[in-house]
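Residues per chain, in single letters:
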Amino acid sequence: MIYGLRDLMPGSEHEVKVISRRFDLPNSASIDTYLANEGYQAFLKARKMTQDEIIEEVKKSGLRGRGGAGFSTGMKWSFVPKNIQKPRYIVCNADESEPGTCKDRLLMQFDPHEIIEGMMIAGLAIDAHKGFIYIRGEYRFLIEIVEKAIDEAYARGWLGKNIQGTGFDFDCVAHSGAGAYECGEESALLESLEGKRGIPRIRPPFPAVAGLYQSPTILNNVETFATVPAIILKGGDWYHALGTPKNGGTKLTNISGHVKRPGCYELPLGISLRKAIYEVAGGMEGDKKIKAIIPGGSSTPMLVPDQLDTPMDFDSMAKQGTFLGSGGLVVMNEDTCMVEVALRVMRFYSHESCGWCIPCREGTTWLKKMLTRFHAGGGEERDINLINELAQAMLGRTFCPLGDAAAMPMISAVKHFRADFEAHLNGNKCPYEGRQ
Amino acid sequence: MPELVKFKLNDKELTAEKGTLLIEAARQNGVEIPAFCYYPGLSLQAACRMCLVDIEKRPKLATACTEPVMEGMVVWSDNEKIHTARKTTLEFLLTNHPLDCPVCDKGGECELQDMVFRYGAGGSRFVEEKLHVPEQKWSPVVYYDAPRCILCYRCIRICNEGMGVGALGLNYRGVNSEIVPNKGDHLECEECGMCIDICPVGALTSGAYRYQTRPWEMTYVATPCAHCGDGCKVTLSVRNNQIMRGNNRDASGLNGEFLCIKGRYGYDFTHSAERITKPRVRKNDELVECTWTEAIAAAAAGLKAAKTHGVIGSTHTTNEENFFLQKFARQGLKTPHIDHRRSADFPALMDALAGRPATPSALATSRDVLEAPAVLLIGNNPTDQHPMLAWNIRTAVRLRKQHLYIVNRASIPLVAQAEAAKIAKAGEEIEELERFRDALAKEKDVVIIFGSEVKGADITKLVAFGDTLPGHTRYIALADNANSRGAVDMGVLPDLGPGYQPAAQAGMALDEMLAGNLEAFLIVGANPARRYLIQAGKAFVVVQDMFLTETAQIADVLLPSAGPYEKGGTVTNTYGEVQRQKLGLLVNGAKTDLEILSLIARAMGFDLGAANAATQSNEVFEEIRRSVKGYNIAAAALWTGSAVPAVTLNGAVPHRDRPDLIASSNDTLFTSGTLGRYCSALSAVAEAKERKNPEGIGK
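Treat the numbers as computed from the prediction; the structure is a model and nothing was measured.

Participant: Whenever I open this one, the overall build of chain B confuses me. Can you help?
Facilitator: A tally of regular secondary structure across chain B gives 24 helices and 30 strands. At 27 Å, chain B has a C-alpha radius of gyration in line with the 27 Å of a compact globule built from 699 residues. Counting all 699 residues of chain B, 62% fall into the buried class. Counting only contacts in chain B whose residues sit at least 6 apart along the sequence, the fraction spanning at least 24 positions is 69%. On chain B, roughly 26400 Å² of surface is accessible, and the fraction owed to carbon and sulfur atoms is 51%. Positive and negative charge centroids in chain B, built from 77 and 82 side chains respectively, lie 1 Å apart.

Participant: How should I be thinking about the pattern of salt bridges in this particular structure?
Facilitator: Here the idea is simple: oppositely charged side chains can pair when their charged atoms come close. Inspection of the entire model under this criterion finds 74 salt bridges over all chains. Residues B:Asp489 and B:Arg485 are paired through a salt bridge, measuring 3.1 Å at the closest nitrogen-oxygen approach. Taken together, the positions of B:Asp489 and B:Arg485, both in helix H16 (residues 484-489) and 4 residues apart, correspond to about one turn of that helix. Put simply, B:Arg625 and B:Glu622 hold a salt bridge, and the shortest N to O gap is 3.5 Å. With B:Arg625 and B:Glu622 both in helix H20 (residues 617-627) and 3 residues apart, this pair spans about one turn of that helix. Given the relative accessible area of 31%, B:Glu622 is considered partly exposed. Look at the salt bridges and you will find they share partners, linking A:Arg21, A:Arg22, A:Glu38, A:Asp111 and A:Glu114 into a network.

Participant: Quick question: what am I supposed to make of the domain arrangement of chain B here?
Facilitator: Note: interface size is frequently given as the accessible area lost on complex formation between the parts. In terms of domain boundaries, chain B breaks down into domain 1 (4-93), domain 2 (99-207), domain 3 (280-342 + 484-664) and domain 4 (346-478). Computed over C-alpha atoms only, the centres of domain 2 of chain B and domain 3 of chain B are separated by 45 Å.

Participant: Would you mind showing me how to read the packing of aromatic side chains here?
Facilitator: Between two aromatic rings, the relevant description is the distance of the centres plus the angle of the planes. Residues and elements named next belong to chain A. Evaluated as defined, the whole model comprises 24 aromatic pairs over all chains. Pairing Phe-43 with Phe-168 gives two aromatic rings, centres 5.9 Å apart and planes at 45°, and the pair type is tilted. Here the residue Phe-43 occupies a position in helix H3 (residues 41-47), and Phe-168 occupies one in the loop between helix H8 (140-155) and strand S3 (171-176), the gap between them amounting to 125 residues. Here Phe-168 and Phe-170 contribute two aromatic rings whose centre-to-centre distance is 6.2 Å and whose plane-to-plane angle is 15°, an arrangement assigned as stacked.

Participant: What is the right way to read the domain arrangement of chain A from this model?
Facilitator: Residue and element names in this part refer to chain A. Domain parsing of chain A yields domain 1 (18-240), domain 2 (250-333) and domain 3 (338-422). Computed from C-alpha coordinates alone, the two centres of domain 1 and domain 2 are separated by 27 Å. Across the boundary between the two partners, domain 1 contributes 19 residues, which contact 18 residues of domain 2. In this assembly, domain 1 packs against domain 2 so that about 1500 Å² is buried in total across both faces, 52% of it on carbon and sulfur atoms. Scanning the region where domain 1 abuts domain 2 turns up 2 salt bridges.

Participant: Help me out: how do you make sense of a nonpolar patch on the surface in this one?
Facilitator: A cluster of nonpolar side chains, A:Phe71, A:Met75 and A:Phe79, forms an exposed patch at the surface whose accessible area comes to about 280 Å². On the accessibility criterion, A:Met75 (35% relative accessible area) is partly exposed.

Participant: Just checking my understanding: could you explain the pairing of strand S5 (residues 73-76) of chain B for this structure?
Facilitator: Put simply, side chains in a regular strand alternate between the two faces of the sheet. Residues and elements named next belong to chain B. The pairing of strand S1 (residues 4-9) with S5 spans 3 bridges and is classified as parallel. When the sheet's bridge partners are listed, Lys-8 is paired in S5 with Val-74. In the sheet, strand S3 (residues 52-55) pairs with S5 via 2 bridges, with the strands oriented antiparallel. Across the sheet, Ile-55 pairs through a bridge with Val-75, a residue of S5.

Participant: Looking at this structure, how should I read the nonpolar core?
Facilitator: Buried together is how nonpolar side chains tend to be arranged in soluble globular proteins. Within the largest apolar cluster, 166 residues are counted, with the highest numbers of intra-cluster contacts made by A:Phe421, B:Phe36, B:Ile179 and B:Tyr565. Sequence-distant contacts of A:Phe421, defined by excluding residues within four places in its chain, comprise A:Val339, A:Ala342, A:Leu371, A:Phe374, A:Ile384, A:Ile387, A:Ala413 and A:Val414. Formed by 64 residues, the second largest nonpolar core is a distinct cluster that contains A:Leu124, A:Val146, A:Cys172 and A:Tyr239.

Participant: Honestly, the sheet that holds strand S11 (residues 219-224) of chain B in this entry has me stumped. Any pointers?
Facilitator: As a general point, the strands of a sheet are linked pairwise by backbone hydrogen bonds and lie either parallel or antiparallel. Residue and element names in this part refer to chain B. Pairing is antiparallel in the open sheet, where 3 strands are placed in the order S11-S12-S13. In this open sheet, the two strands that pair with only one neighbour each are S11 and strand S13 (242-247). Pairwise comparison of adjacent strand axes, ignoring direction, gives a mean angle of 30° for this sheet. By the bridge criterion, 5 bridges tie strand S12 (residues 233-239) to S13 in an arrangement that is antiparallel. For Thr-235, the partnering residue across the bridge sits in S13 and is Asn-247.

Participant: Sorry, what's going on with the interface of chain B and chain A here?
Facilitator: Taken together, the contact pairs 36 residues of chain B with 32 residues of chain A. Each partner contributes to the roughly 2900 Å² buried at the junction of chain B and chain A, and carbon and sulfur atoms together form 57% of this total. Where chain B touches chain A, the interface holds 4 salt bridges. Between B:Glu128 and A:Arg373 there is a salt bridge, with its nearest N and O atoms 2.6 Å apart. Here the side of chain B that touches chain A gets 9 residues from one element, more than from any other, and that element is helix H2 (residues 80-96) of chain B. By residue class, the composition of the side of chain B that touches chain A is 18 nonpolar, 10 polar and 8 charged.

Parameters at a glance
Residues numbered from 1 in each chain as written. Chains lettered and ligands numbered in written order. Predicted model: local features only at pLDDT ≥ 70, side-chain atom pairs only at ≥ 80, totals over all residues. Heavy atoms only, no water. Helix = DSSP H or I, 4+ residues; strand = E, 2+ residues; numbered from the N terminus. Rg over C-alpha atoms; globule rule 2.2 N^0.38 Å. Buried < 20%, exposed > 50% of the residue type's maximum accessible area, 1.4 Å probe, protein only. Contact = heavy atoms within 4.5 Å. Areas by Shrake-Rupley, 256 points an atom, 1.4 Å probe, with all protein chains shown as cover. Lys, Arg positive; Asp, Glu negative; His and termini not counted. Charge placed at Lys NZ, Arg CZ, Asp CG, Glu CD. Salt bridge = Lys/Arg side-chain N within 4 Å of Asp/Glu carboxyl O. Domains from an automatic or database assignment. Phe/Tyr/Trp six-rings, centres within 6.5 Å; stacked < 30°, edge-to-face > 60°. Buried area = accessible area lost by both parts, 1.4 Å probe. Patch = residues over 30% accessible without salt bridge, like charges linked within 9 Å, V, L, I, M, F, W, Y side chains within 5 Å. Pairing = 2+ DSSP bridges. Core = buried A, V, L, I, M, F, W, Y, C linked by side-chain atoms within 4.5 Å. Axes fitted to C-alpha atoms, helices over the stretch in contact; angles between N-to-C directions. Nonpolar A, V, L, I, M, F, W, Y, C, P; charged D, E, K, R; others polar.

Written out as structure tokens, the structure reads:
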């Protein structure tokens, strides 16, 4: 079943619609709708700007990578060396797989041209003429939509040679992943795109210098690229003012879990967790109490109700020891078994660990096995500390951030919810069974 | 001069060449940073996380295998943080690694065991169930036990990068990741077994060795391999006078890491059931077993009774044996008719290069191939005929950007590494070189390597071509067997004595002897009957051999000789590098060819000097050092295991050109002349059936 827009985006008065502004239009994914609503105008505008002017505008907007790391997009673009006799590439990371995150799919489903245009502008900024959209393998239906959009753009002269007589050439290809979470990591994505096994690369060099086929590459998330046309059209300053001083603009935020109106909302950065949960998402289902919040996808350390007034932006989240991440907010109520949450998360990471490095490969599996036993009532006192110790042993020592992603939620689960773990000891069955 | 940088390691001020990886810089300064996946010369992985170090101002620990040392860098590899990191990484590894060390082949020589001993925890906190998958047989000589595998990817890289074969890959992901043959369930490769040697644990084991013994029950003898002319060192693992295993554990030879299937598995001819262990004499047209006393007496009597003698030497016996054999022929039997099966025209090469200085030599060593900026290969298929040479070329191309140029009658695997390759018609190789003239003129120094396709006058032309190149041009002639070069150097030729000195009286060449009317033959370690029709019964034939070969079957006296792993002495590889052969074991009943020759000489009353009195090869070697031009080499270096080049450029070599006698036997990786028939692993692997050298090569 393919969900309609309302199922996915229930809507809220707190939304500030920038990248999702066309979603409501009929046939929003079609090039006609796009062209009738400012579509590809940003490209034409950018074509008249210099490369430095484009990058400067993006810098001014304060746009930070929407894939989760939050690195300044303008900075990233400026790292591409100017005098290299190699082709340059634009790669769009559409391998959205972080549990709790389902925002890029909306952009691909409802406004794919916005992504293509963003990539074209990036192409102008670094003189690249080829773009790849690497789409998560499980998003099969989206590949068709994106490919259709690409075909339309070619047919209407918005892709290909001498686009609209501007003298600029740009080709775009959609490529399907094969079902590995790891390929959302940028260097693993590049390996996979090159037809190799999806394992991360040793860095440096970074993709800006030696990315796809060892050539300078701009690699950004779907949402990041989708934001670029609006920035060019309306100005970096305008976009920046939508958010907080150091966290410009808006962000597609997915709110899921035990809330009344789960879904995806485009919210200005800096909105508080409390507001997002209680006003945007309509509060808790059955008006139960909040027990834990995953702020930005399953890999981010969990927050507790005391931290509800934290603004949802990169820096404020960092102050609380967690991350804004991909914007996948998961809210859990008081009847949630945190041991089971930890187990679910670890089952995911153990399944998705690529196996390249020892601490991640063996650590996630060990933790999964132990949590399975623990949740089933076979736990011992010492296991609780061991969960923390094993997670600490993975943290910062793995080849890529997947190990950290698996370790951090374990550390926060033990730190905040030790009582839940202790309640499973002595052969007790899960105290939360049947309570949801 | 390379730029040096200063850095601090564990509070000590150290220096290293700029750009050196931290793990290497530490090692050069005597500090071990442990690692599984890091392997010098192979691509970097940063996968095992054992080499994590603490670098000042870095929030996270960094892998020493990927960090180039920088000026002013402050590093700790020995603090509490690192100890904990290593301990937990090892603990992680042991969660799924079976603790079957008591029965594992690798137990006692396992890197994981050593690491856990040095850096690991005493106990484990892992109480969950371990993963298990059944062991797989990939080929008769390679087995894979996935649970033991720690996924360091060394095997994949050595096969891809070192061998250029790429037979191995990785399947599945996460904890289920498995090394797999790229052909599914079996290997289609060169069966070199490099993956087994490089495996730090017991995941890859040898079909020829597994579950037979423990490493500490064996003694280890590193000695030159018995097969091709490259002169790799193989480490024989010997227990109770039996070779249990061949591998490259010693890694002290000029082959470095490398060993091919023949070196690794081609030792079991030593224990073949077909070995002759008792002398035989012909009685009523039948070879019947007898005592050594009886056999030696019969040989001496037969040889004495004959008026004309032909002597045929071997390309497998030692320098001492060949030296003594030509002495036996020329001084004892007083016959000029002595020869062996030739596969490279060394006399023509030495003659063409006559008058050149000893240093820098116009002859290249195997090491020179590794370091040369450019190599021109004419003829031959090193991948099959000289696997170490192929390895050296691949390594130099990969790591040193060596330029390889190939002229051959057919395409060979090394073309993949070549800068340029040309197919030439037979006999037109030298003309074809003109096509490379411009490119070669731009190279700094070129090593020219040629197979048996280039011989006689072509060698003179080749050297003339080489002389027109601007750099220092050096040459290598490729000969088939372990001591093919030694046989020539020791004067087992009708026209030349030892050291390329003209023989007092020129004799008949191999084909002439066998077609002539000589009354007696002494054939040592050779099987000419395989190629030539020898009329049994006409002449008195004494054969010294390990097996009942075609030639041995027509013998009147058959004397069982010891194999190359059963005696001391020296051998000279095709590059002219002399190496000491070490006694590995004794096989009951057999005697070394030197001892047999000495016994016959004594029985015939010959006075052949030191060797007559002693069967010890050392004394013969001393005589070689004293009397053979170019062999006055550093004995100390030789005795301590080094390969020492003989200096065989000593003026003009007046020789009789017989290019028709020079041909390679075109062995593949899975054949080794007569010897290869008795190596079970060579014929057991599936690849042996299909393997052939391309048409026209080696003739």
